[in-house]
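# Examining the three-dimensional arrangement
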Amino acid sequence: MTPRFSLRTLAALAAGLAFATASQAEEVTLRIHHFLPAGAPIQAKVLEPWCQKVTKESANQIKCKIFPSMQLGGSAPQLYDQAKDGVVDMIWTIPGYTPGRFLVTELFELPFMMNTPEATSRALWEFQTKHNAAEYKEVKPLAFHMNGPGNFYTRSKPIQSLADFKGLKMRGATRQTTRMLSALGATPVGMALPAVPEALSKGVIDGALTPYEVVQSTRMHELTKFTTESDPKFNAVYAQVFVLAMNKAKYDAMSPELKKVIDVNSGADLSAWIGKMIHEADAPGRKLVQQANNTIHTLPVSELQNWKKATDQLDEELVAEINKRGLNGAALLKTAKELIEKSK
């Protein structure tokens, strides 16, 4: 006997087939833009594996094209707006490259806030999504993370105490790092990372602040002779906040199935994983410094406590600025510290 189908059944089957075909045909290519070279850990250890994962989990419907070293134009401080405006689909950048724009985010960049990059990155995601979502409402954040503990690299003399900062022009990346340098006694010079090698080689600056992770891409081991790191038993002297974000329209245009792939590969776990991977990339950078026969000085806890006293006023200054925006700066700082402690 030949089975009989009603017109309604046939229409439903046709609609289902059309949906399945459309779903299979949907392909999304994410153009990802960042400011570091292709060989930097953020691309090799984070962005490329992330892309491979979402491609696999989407059955090859989501693909990525990564553009390092600002290949699509513009400068590092413009990356956030490139994602906001749809110039690119995704960006990885430092919010602090646009000073004062992400004021509440700066709480995590205060001196001695970070314990470990992995734990603090998890705390950062929770803080940003629950207490500071307004600062990133123009994009779709996928992860917030910290880098490894920052170090001080100098050309002509080592930094072993507060007195050694006097007379030094030191590069800082963000508003809080330049303020910290000033509080420590140096003359701060704000600039994005890609400009640092030339500034060092021409003597525009005497030293720079970066983690070990970017030593190779900045040639820090070749351009400086002395490195000052901090005792890992103490919270990091400084660290920076990074964001991985997507253009909202690009995300909203995806099918529910593909949105789910992005969502599963975003959030607290991704943030913590990136913090961990970036911190692991510090070890090869430190090895390069050693191989270059550069002097590495580890600041003892007793000296770090002096540095903390010298920079404590930065907490109060930032809280006061946040208060002027109609927010409770003290409460937000307290929440940030509690989340970091909880995430250990």
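The paragraphs below set out a description of the structure included in this document. (Residues numbered from 1 in each chain as written. Predicted model: local features only at pLDDT ≥ 70, side-chain atom pairs only at ≥ 80, totals over all residues. Heavy atoms only, no water.)

Let us now look at empty space enclosed by the protein. On inspection of all chains with the given rule, the structure shows three cavities of 30 Å³ or more. Space inside the largest cavity adds up to approximately 130 Å³. Around the largest cavity, the lining comprises 18 residues; the ones closest to its centre are Asn-147, Leu-193, Val-214, Gln-240 and Phe-242. For the lining of the largest cavity, the residue count by class is twelve nonpolar, four polar and two charged. (1 Å grid on protein atoms, 1.4 Å probe; cavity = no way out; pocket = protein on both sides within 12 Å on 5 of 7 lines; lining within 4 Å. Points joined across faces, edges and corners; volume = space filled by probe spheres on them. Nonpolar A, V, L, I, M, F, W, Y, C, P; charged D, E, K, R; others polar.)

Applying the stated criterion across every chain yields a total of 15 aromatic pairs. Judged by centre distance (5.8 Å) and plane angle (45°), the rings of Trp-125 and Phe-144 are tilted. With a gap of 19 residues between them, Trp-125 in helix α4 (residues 117–131) and Phe-144 in strand β4 (residues 139–146) connect regions that are remote in the sequence. Each member of the pair Trp-125 and Phe-144 is classed as buried. Summarising the aromatic geometry, the rings of Phe-152 and Tyr-238 are spaced 6.1 Å apart at their centres and angled 75° between planes, so their arrangement reads as edge-to-face. With a gap of 86 residues between them, Phe-152 in strand β5 (residues 151–154) and Tyr-238 in the loop between β9 (226–230) and β10 (241–247) connect regions that are remote in the sequence. Across this residue pair, the class does not change: Phe-152 and Tyr-238 are buried. (Phe/Tyr/Trp six-rings, centres within 6.5 Å; stacked < 30°, edge-to-face > 60°. Helix = DSSP H or I, 4+ residues; strand = E, 2+ residues; numbered from the N terminus. Buried < 20%, exposed > 50% of the residue type's maximum accessible area, 1.4 Å probe, protein only.)

None of the figures reported here should be taken as evidence of function without further support.
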